[in-house]
Amino acid sequence: QVQFVESGGGLVQPGGSLRLSCVASTSIFNIVVMGWYRQAPGKQRELVATIIKGGGTNYAGSVKGRFTISRDNAKNTVYLQMSSLRFEDTAVYYCHAPPNGPWGQGTQVTVSS
């Protein structure tokens, strides 16, 4: 069973940028869909972005144009490049292989002035 470990979270100012990484314990070459999700305090976990094996991407409307998901199959890693960060982007961000794959442990992103 593949395991995911997220990193790259931290404290960032509004308008700033951050890159999250999700490293898999095994090859992700054959994982068709990889995704980033987030959960803010008091809110449900929500989909942020997905990327398919061939490179196609989908984004939540709230992050479209600001976030970019990518994958490097050779490095067994999925990235989430976050820019123009807003207070409402504050959440724990999770790596996941939908619909029934494992979840990472999450990494905290805090946007604050």
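Keep in mind it's a predicted model, so treat the numbers as computed, not measured.

## Let's talk about the state of the cysteines
One pass over the full model with this rule turns up one disulfide. Note on cysteine connectivity: Cys 22 is disulfide-linked to Cys 95, with sulfurs 2.0 Å apart. Between Cys 22 and Cys 95 the sulfur-sulfur dihedral comes to about -80 degrees; the bridge is accordingly left-handed. You can see Cys 22 sitting in strand E3 (residues 18–24) and its partner Cys 95 sitting in strand E9 (residues 91–96), a full 73 residues away along the chain.

## Some words on the side chain of Ser 21
Considering the arrangement of structural elements, one finds Ser 21 in strand E3. Apart from the residues lying within four places of it in its own chain, the contact partners of Ser 21 are Val 5, Glu 6, Ser 7, Trp 36, Thr 77, Val 78 and Tyr 79.

## Side note on the packing of aromatic side chains
Aromatic rings considered in pairs are described by the distance between their centres and by the relative angle of their planes. Tallying each qualifying case throughout the model produces two aromatic pairs. An angle of 85 degrees between the planes, with centres 6.3 Å apart, marks the rings of Tyr 94 and Trp 103 as edge-to-face. A residue is classified by how much of its surface remains accessible, and Tyr 94, at 13% relative accessible area, is buried. Put simply, the rings of Tyr 37, Tyr 94 and Trp 103 pair up and form one aromatic cluster. Geometry around Tyr 94 places Arg 45 over its ring, the cationic atom sitting 3.7 Å from the centre. A cation over an aromatic ring shows up here: Arg 45 above the ring of Trp 103, its NZ or CZ 4.7 Å from the ring centre.

## Regarding the pattern of salt bridges
With the rule as written, the count across this model stands at three salt bridges. Between Asp 89 and Arg 66 there is a salt bridge, with its nearest N and O atoms 2.8 Å apart. Taken together, the positions of Asp 89 in the loop between strand E8 (77–82) and E9 and Arg 66 in the loop between strand E6 (57–59) and strand E7 (67–72) put the pair 23 residues apart, joining distant regions of the chain. Accessibility expressed as a relative area gives 7% for Arg 66, which makes it buried.

Thresholds, definitions, all that
Residues numbered from 1 in each chain as written. Predicted model: local features only at pLDDT ≥ 70, side-chain atom pairs only at ≥ 80, totals over all residues. Heavy atoms only, no water. Disulfide = S-S within 2.5 Å. Helix = DSSP H or I, 4+ residues; strand = E, 2+ residues; numbered from the N terminus. Contact = heavy atoms within 4.5 Å. Phe/Tyr/Trp six-rings, centres within 6.5 Å; stacked < 30°, edge-to-face > 60°. Buried < 20%, exposed > 50% of the residue type's maximum accessible area, 1.4 Å probe, protein only. Lys NZ or Arg CZ within 6 Å of the ring centre and 35° of its normal. Salt bridge = Lys/Arg side-chain N within 4 Å of Asp/Glu carboxyl O.

This is a description of form; function is not addressed.
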